[in-house]
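Residue strings, one per chain:
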Amino acid sequence: MKTRRNFIKLSALGSVGLVANSALANNNDLNDESFKNQKKIAKPIVISTWDHGMAANEAAWKILANKGLALDAVEAGVRVTESDPNNSSVGLGGLPDRDGFVTLDACIMDQHNNCGAVAFLQDIENPISVARKVMEDTNHVMMVGEGAQQFALKKGFKKVNLLTNESKKNWEKWKENSKYQPQINSENHDTIGMLALDEKGNLSGACTTSGMAYKLHGRVGDSPIIGAGLFVDNEVGAACATGVGEAVIRISGSAIVVELMRNGMSPEDACKEAVKRVIKKHKNIENLQVGFIALNKYGETGGYSVYSGFNYASHTHDHNKMIDAKFYREE
Ligand code: GLY
């Protein structure tokens, strides 16, 4: 019978490295036949969205391979992407809004359900680290705009011009026609979402973006919203989202993926179900790319997207590679 007590028993057992193959799916008692079929938990592990996840995972892996915390790993990992001026969808070099302002959104969550977020933050290169400060140094979860920037400056972050010449050039070109049209897999990436399971079996996640290119000034997407862009429950697993943030918010995407895993689904099936929900709740899915990735307590991963083209990077002791997510429709 599926009980919370059995699940916790299995989680505790997970920390010594062995679980039943079907434990999450069936939650069988430890004396059951199925428990004879044991396997090792794949930990530590880090996964992150899109190809820029490979470089980000490298930084996270250095921490995880040295038995560091998942929380430290995800922060260090996504900072790499935030600080890459050649990445036009996250941090420095991010494409601006319609009015030429680069505005950043980010959130972070640890194994105790502690979380911090910043939104509509300008001129700060590493919003994920500001989000962590919100989590650790305040009683709040989310800070936005001017207030978030003042907080960051007080915490020692420096003002940086995030609009690179390249992004400015692209914006000026865009202004010639000024169409507001979200693009599927714009330049084959948008947000970076990262999930990690550390040596101790604890989960954390981080999510950061400059948001939809040429958005309305003031628009905030799913990425800084706990439960939408990112959710972590250390008893079960973690999930994060990429793509059109409005669609992810409408279904509380990442929280849903985690709840589906809690109810026994594999990470991939949970992501697929959330994608199906996005599709069901939108009359027109043209150009509506959304993707989820998920990681459960046993180090199992999965991803799924509305359209083809979405992939994620995965790093364990055994591999360091990109994985193509399954999808609902060919792009
Ligand atoms: N998923 C990023 C955004 O919509 O802002």
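In this report, we go over the structure that sits alongside the text.

Here is what the cut-offs are and how they apply
- Residues numbered from 1 in each chain as written.
- Predicted model: local features only at pLDDT ≥ 70, side-chain atom pairs only at ≥ 80, totals over all residues.
- Heavy atoms only, no water.
- Helix = DSSP H or I, 4+ residues; strand = E, 2+ residues; numbered from the N terminus.
- Buried < 20%, exposed > 50% of the residue type's maximum accessible area, 1.4 Å probe, protein only.
- Contact = heavy atoms within 4.5 Å.
- Salt bridge = Lys/Arg side-chain N within 4 Å of Asp/Glu carboxyl O.
- Near = heavy atom within 4 Å.
- Polar contact = N/O pair within 3.5 Å; in protein donor to acceptor, adjacent residues only side chain to side chain.
- Areas by Shrake-Rupley, 256 points an atom, 1.4 Å probe, with all protein chains shown as cover.
- Nonpolar A, V, L, I, M, F, W, Y, C, P; charged D, E, K, R; others polar.
- Pairing = 2+ DSSP bridges.
- Axes fitted to C-alpha atoms, helices over the stretch in contact; angles between N-to-C directions.
- Phe/Tyr/Trp six-rings, centres within 6.5 Å; stacked < 30°, edge-to-face > 60°.
- Core = buried A, V, L, I, M, F, W, Y, C linked by side-chain atoms within 4.5 Å.

Considering the overall build of the chain
Part 1 of the reasoning: Across its full length, the chain carries 10 helices and 15 strands.
Part 2 of the reasoning: Split into buried and exposed, the 331 residues of the chain put 57% on the buried side.
Part 3 of the reasoning: Here the contacts in the chain between residues at least 6 apart in sequence split such that 64% fall between residues at least 24 apart.

A look at the pattern of salt bridges
Part 1 of the reasoning: Under the counting rule described, the total for this entry stands at 10 salt bridges.
Part 2 of the reasoning: A salt bridge links Arg132 to Glu75, with the nearest nitrogen and oxygen atoms 2.8 Å apart. Here the residue Arg132 occupies a position in helix α5 (residues 127–137), and Glu75 occupies one in helix α4 (residues 70–82), the gap between them amounting to 57 residues. Like Glu75, Arg132 is buried.
Part 3 of the reasoning: Linked through salt bridges whose partners overlap, the residues forming this network are Asp72, Glu75, Arg132 and Glu136.

Section: the site of the ligand
Part 1 of the reasoning: As a structural note, the neighbourhood of the ligand is formed by Asp190, Thr191, Gly211, Met212, Arg219, Gly221, Asp222, Ser223, Gly243 and Gly245.
Part 2 of the reasoning: One of the side-chain N or O atoms of Arg219 is found 2.7 Å from an oxygen atom in the ligand.
Part 3 of the reasoning: Residue Asp222 places a side-chain N or O atom 2.7 Å away from a nitrogen atom belonging to the ligand.
Part 4 of the reasoning: In the complex, the protein chains occlude 98% of the 190 Å² of accessible area that the ligand would expose alone.
Part 5 of the reasoning: Across the shell around the ligand, the residue classes break down as 1 nonpolar, 6 polar and 3 charged.

Concerning the sheet that holds strand β13 (residues 311–315)
Part 1 of the reasoning: The 8 strands are arranged β6-β5-β4-β8-β7-β3-β13-β14 in an open sheet whose pairing can be described as mixed. Each of the sheet's edge strands pairs with one partner strand only, and the pair in question is β6 (142–144) and β14 (320–324). Sheet twist, expressed as the average angle between the axes of neighbouring strands with direction ignored, equals 10 degrees.
Part 2 of the reasoning: Relative to β13, strand β3 (residues 45–49) runs antiparallel, the two being bridged by 4 bridges. By the bridge assignment, Ile47 is partnered in β13 with Ser314.
Part 3 of the reasoning: Contacting β3, β7 (192–197), β13 and β14, helix α3 (residues 52–65) crosses the sheet at an angle of about 155 degrees to β3.
Part 4 of the reasoning: Strand contacts of α5: β4 (104–109), β5 (115–121), β6 and β8 (203–209), with the helix running at about 130 degrees to β5, the strand carrying the most contacts.

Some points on the packing of aromatic side chains
Part 1 of the reasoning: Across all of its chains, the model carries 2 aromatic pairs by this definition.
Part 2 of the reasoning: Here Trp50 and Phe310 contribute two aromatic rings whose centre-to-centre distance is 5.0 Å and whose plane-to-plane angle is 65 degrees, an arrangement assigned as edge-to-face. A residue pair is termed long-range when its members are at least 10 positions apart, and Trp50 in the loop between β3 and α3 and Phe310 in the loop between β12 (301–307) and β13 qualify at 260 residues. No difference in accessibility class separates Trp50 from Phe310, as the two residues are buried.

Focus: the pairing of β12
Two faces make up the sheet, and in a regular strand the side chains alternate between them.
Part 1 of the reasoning: Here β12 lies mainly inside the structure; 6 of its 7 residues are buried.
Part 2 of the reasoning: Relative to β12, strand β11 (residues 290–296) is paired through 5 bridges, and the arrangement is antiparallel. Along β12, the bridge assignment pairs Phe292 with Tyr304.
Part 3 of the reasoning: Joining the antiparallel neighbours β11 and β12 is a turn of 4 residues, in which Gly299 adopts a positive phi near 80 degrees.

Quick notes on the nonpolar core
Part 1 of the reasoning: Counting residues in hydrophobic clusters, the biggest one holds 51 residues, and the most contacted among them are Leu195, Leu230, Val257, Val278, Phe292 and Val306.
Part 2 of the reasoning: Ignoring sequence-local partners within four residues, the contact set of Leu230 consists of Cys107, Ile108, Met109, Leu195, Gly205, Ala206, Cys207, Ile225, Ala239, Cys240 and Ser254.
Part 3 of the reasoning: The next biggest cluster of nonpolar side chains, apart from the first, holds 30 residues, and it includes Val46, Val90, Val118 and Phe151.

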